[in-house]
Amino acid sequence: MPKSKYNEIYLALKSRIEAGDYPFQQLIPSENVLIQDFACSRNTLRRAVQALSAEGYVQSMQGRGVRVIWQPRPSSQFMFGGVESFTEACRRNAIRQRTEVLRFAERAADAALSGLTGMPEGAEVIYIERHRWVNGVPLFLDHNYFLKETAAGLTPEIAAQSIYAYLENRLGLQIKTTRRVITVEPVTEDDTAHLQMDGCNCVAVVSSSTYDSSGVMFEYTQSRHSPKHFEFHDVAQRSRLPG
């Protein structure tokens, strides 16, 4: 079955759950019912359900069906578990977003920058500082470093929209893996000037190193968040060890 059909089923089920057609803690219709509903194979339906399970929407119970475990939350849900851009997260949560590019510059990585980002010393790097607004509130600052050879043709105008969309759809880059570190750090003058701090003297910092399909780290980002509005989500499944 083509991927488009699997994706169509995944999106339809996800939409029904979010709309409350399949309420929290209730079972979704049986496999046989959904197979007829979507005119698909059992394997294709199961792939769609597995994708929903991985995102924390449902949980399969052997011999009993598939239960809805997703609940709506009042705040935006940025995810640790996947590799998702800011634009994609806002679209998924149906929230308004705006990006303002504060700085855009090219530089060669010196020893200090190489030590910060992990990029090779001497590599040509594009540095971007982006101010992120969510539902009209200035909530975080992104300090992005991209290898210039990987992000050829990148401009401030593209950076104000979606860099990942440009890299994947225009340049054909396959974005594969992100490693993240979360810290709490003292607030800086730059943070105070641009973020709604509500009296806080620290920020939550998500540092990300992102790799392409060849294992090359092409991006390093420090995302500095106002702590009163910092909320990320993850879904984990426990695997018990033998014995």
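Reference entry: report on the structure contained in this document.

## Quick word on the overall build of the protein
Of the regular secondary structure elements, the protein holds eight helices and ten strands. Counting every position in the protein, which comprises 243 residues, the buried fraction comes to 42%. The contacts of the protein with a sequence gap of at least 6 include a subset with a gap of at least 24, amounting to 59%.

## Notes on the packing of helix H2 (residues 31-38) against helix H3 (residues 42-54)
Contact geometry for H2 and H3: axes closest at 10 Å, N-to-C directions at 105 degrees. When the axes of H2 and H3 are compared, the pair comes out roughly perpendicular. On the side of H2, the interface is formed by Glu31, Asn32, Leu34 and Ile35, while H3 contributes Arg42, Leu45 and Arg46.

## Considerations on the environment of Gln25
When you line up the elements, Gln25 lands in the loop between helix H1 (3-18) and H2. Distance from Gln25 to Val58, taken between C-alpha atoms, is 8.9 Å for residues 33 residues apart in sequence. Among all residues touching Gln25, those that are not within four sequence positions of it are Arg67, Val68 and Ile69.

## Quick notes on the side chain of Ser223
On the secondary structure map, Ser223 appears in strand E9 (residues 217-225). Within the local environment of Ser223, its side chain forms a polar contact with the side chain of Asp142, the two groups lying 2.6 Å apart. For Ser223, the residues in contact, after removing those within four places along its chain, are Phe140, Leu141, Asp142, Ala204, Val205 and Val206.

## Re the sheet that holds strand E8 (residues 202-212)
Within the open sheet, the six strands sit side by side as E4-E5-E6-E9-E8-E7. Their pairing is antiparallel. If you trace the sheet from one side to the other, it starts and ends with strand E4 (97-108) and strand E7 (175-186), each paired once. If you compare each strand with its neighbour and ignore which way they point, the axes differ by 15 degrees on average. Judged from the eleven bridges that link them, E4 and strand E5 (residues 124-134) form a sheet pairing that is antiparallel. When the sheet's bridge partners are listed, Val101 is paired in E5 with Arg130.

## Some details on the nonpolar core
Leu13, Ile17 and Leu45 are the most contacted members of the largest nonpolar core, which totals 21 residues. Looking at this core, the elements with two or more residues in it are H1, H2, H3 and strand E2 (65-68). Aside from chain neighbours lying at most four places away, what touches Ile17 is Tyr22, Leu52, Tyr57, Val58, Val68 and Trp70. One finds Ile158, Ala159, Tyr164 and Tyr166 within the second-largest nonpolar core, a separate group that totals 14 residues.

## Digging into the side chain of Thr99
Summarising the element assignment, Thr99 is placed in strand E4. Here the side chain of Thr99 touches Arg132 through a polar contact of 2.6 Å, side chain to side chain.

## Remarks on H3
In this model H3 runs 18 Å from its N-terminal to its C-terminal C-alpha over 13 residues, within 8% of the 18 Å that 1.5 Å per residue would give. If you check which residues of H3 are buried, you get Thr44, Leu45, Ala48, Val49, Ala51, Leu52 and Ser53. Just past H3, the residue Gly56 takes up positive phi, approximately 80 degrees.

## Looking at the pattern of salt bridges
Applying the stated criterion across every chain, the model contains eleven salt bridges. Linking Glu185 and Arg224 is a salt bridge whose minimum nitrogen-to-oxygen distance equals 3.3 Å. Pair noted here: Glu185 is in strand E7 and Arg224 is in strand E9, with a separation of 39 residues, a long-range link. The class of Glu185 is partly exposed, set by a relative accessible area of 25%. When its relative accessible area of 7% is taken as the criterion, Arg224 is described as buried. A salt bridge links Asp191 to Arg224, with the shortest nitrogen-to-oxygen separation between them at 2.9 Å. Of the two residues, Asp191 sits in helix H8 (residues 189-194) while Arg224 sits in strand E9, which places them 33 residues apart along the sequence. Taken together, the salt bridges that share partners define one network made up of Glu31, Arg42 and Arg46.

What counts and what doesn't
Residues numbered from 1 in each chain as written. Predicted model: local features only at pLDDT ≥ 70, side-chain atom pairs only at ≥ 80, totals over all residues. Heavy atoms only, no water. Helix = DSSP H or I, 4+ residues; strand = E, 2+ residues; numbered from the N terminus. Buried < 20%, exposed > 50% of the residue type's maximum accessible area, 1.4 Å probe, protein only. Contact = heavy atoms within 4.5 Å. Axes fitted to C-alpha atoms, helices over the stretch in contact; angles between N-to-C directions. Parallel < 35°, antiparallel > 145°, perpendicular 65-115°, else oblique. Polar contact = N/O pair within 3.5 Å; in protein donor to acceptor, adjacent residues only side chain to side chain. Pairing = 2+ DSSP bridges. Core = buried A, V, L, I, M, F, W, Y, C linked by side-chain atoms within 4.5 Å. Expected span 1.5 Å × (residues − 1). Salt bridge = Lys/Arg side-chain N within 4 Å of Asp/Glu carboxyl O.

As far as function goes, none of this settles anything; it's purely spatial.
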